[in-house]
Amino acid sequence: MSEPVAVAQVNELEPESAIRIPADRCGATEDIALVRAEDGTFYAISDLCTHAEVSLSEGFVEGSLIECPGHGSQFCLRNGHPQMPPANVPVRTYPVEVRGDQVWLTPVPNPVEP
C-alpha cells in the first residue's frame with residue numbers, strides 16, 4: 001500500500017468546497033477531487049464524473065454530496081455512489097485524514113462498496 005501524502009492545508013478549503021489534486025502531485029493514477037463537506041469532514045474522490053468526464057472539483061458541494069457541473073449527476077462523498085442521474089457508475093474514493101493542519105491522502109482507492 002502506498003504511503004499517505006500531504007496534499008493541502010486544512011484552511012485551504014472552506015466547508016462545501018473542493019479542489020483538484022493532480023495525479024503527479026499525490027502519486028495516484030488519476031486526478032483527485034479533495035472535498036470538504038458541509039460538516040467540515042474531508043473526502044477524496046476521482047475528479048472525473050463517470051458520466052461525461054467533467055471535473056467534479058469544479059462542481060457544487062452540498063452536505064455530503066457533490067454535483068457534477070456538466071449534467072447535474074450527484075455523488076455521495078462517503079462511498080462514491082451516484083445519487084442522481086445521468087451517472088450510474090460510482091466514482092472511486094480514497095482514504096483521507098487530517099493530521100494537525102494538513103490533509104493527507106493515500107493514493108490507492110478504497111474498495112468499492114456495494
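All values derive from a computational prediction rather than experimental measurement.

1. Some details on the sheet that holds strand β6 (residues 65–67)
- Taken together, the four strands give an open sheet; going across it, the order is β5-β6-β7-β8, and neighbouring strands pair in antiparallel fashion. The two strands at the open ends of the sheet, each matched to only one other strand, are β5 (60–62) and β8 (82–84). Recorded for the sheet is a direction-independent mean angle of 30 degrees between the axes of neighbouring strands.
- Where β5 meets β6, three bridges bridge the pair, whose relative direction is antiparallel. Within β6, the residue paired with Glu 62 across the bridge is Leu 65.

2. Quick notes on the sheet that holds strand β10 (residues 96–99)
- A sheet is described by the order of its strands in space; here three strands give the open sequence β1-β11-β10, paired in antiparallel fashion. For this open sheet the edge positions go to β1 (5–9) and β10, each flanked by a neighbour on one side alone. Each strand axis lies, on average, 35 degrees off the axis of its neighbour in the sheet, ignoring direction.
- Strand direction decides the pairing type here: β1 and strand β11 (residues 102–105), joined by four bridges, are antiparallel.

3. As for the nonpolar core
- With 15 residues, the main nonpolar core has Val 35, Ile 45, Leu 56, Ile 66, Phe 75 and Leu 77 as its most contacted residues.
- Excluding its chain neighbours within four sequence positions, the residues that come into contact with Ile 66 are Ala 18, Val 35, Ile 45, Leu 56, Phe 60, Val 61, Ser 73, Gln 74, Phe 75 and Leu 77.
- Counting 14 residues, the second largest nonpolar core, distinct from the first, contains Ala 8, Val 10, Ala 28 and Val 103.

What counts and what doesn't
- Residues numbered from 1 in each chain as written.
- Predicted model: local features only at pLDDT ≥ 70, side-chain atom pairs only at ≥ 80, totals over all residues.
- Heavy atoms only, no water.
- Pairing = 2+ DSSP bridges.
- Helix = DSSP H or I, 4+ residues; strand = E, 2+ residues; numbered from the N terminus.
- Axes fitted to C-alpha atoms, helices over the stretch in contact; angles between N-to-C directions.
- Core = buried A, V, L, I, M, F, W, Y, C linked by side-chain atoms within 4.5 Å.
- Buried < 20%, exposed > 50% of the residue type's maximum accessible area, 1.4 Å probe, protein only.
- Contact = heavy atoms within 4.5 Å.

Spatial relationships are all this shows, so hold off on functional conclusions.
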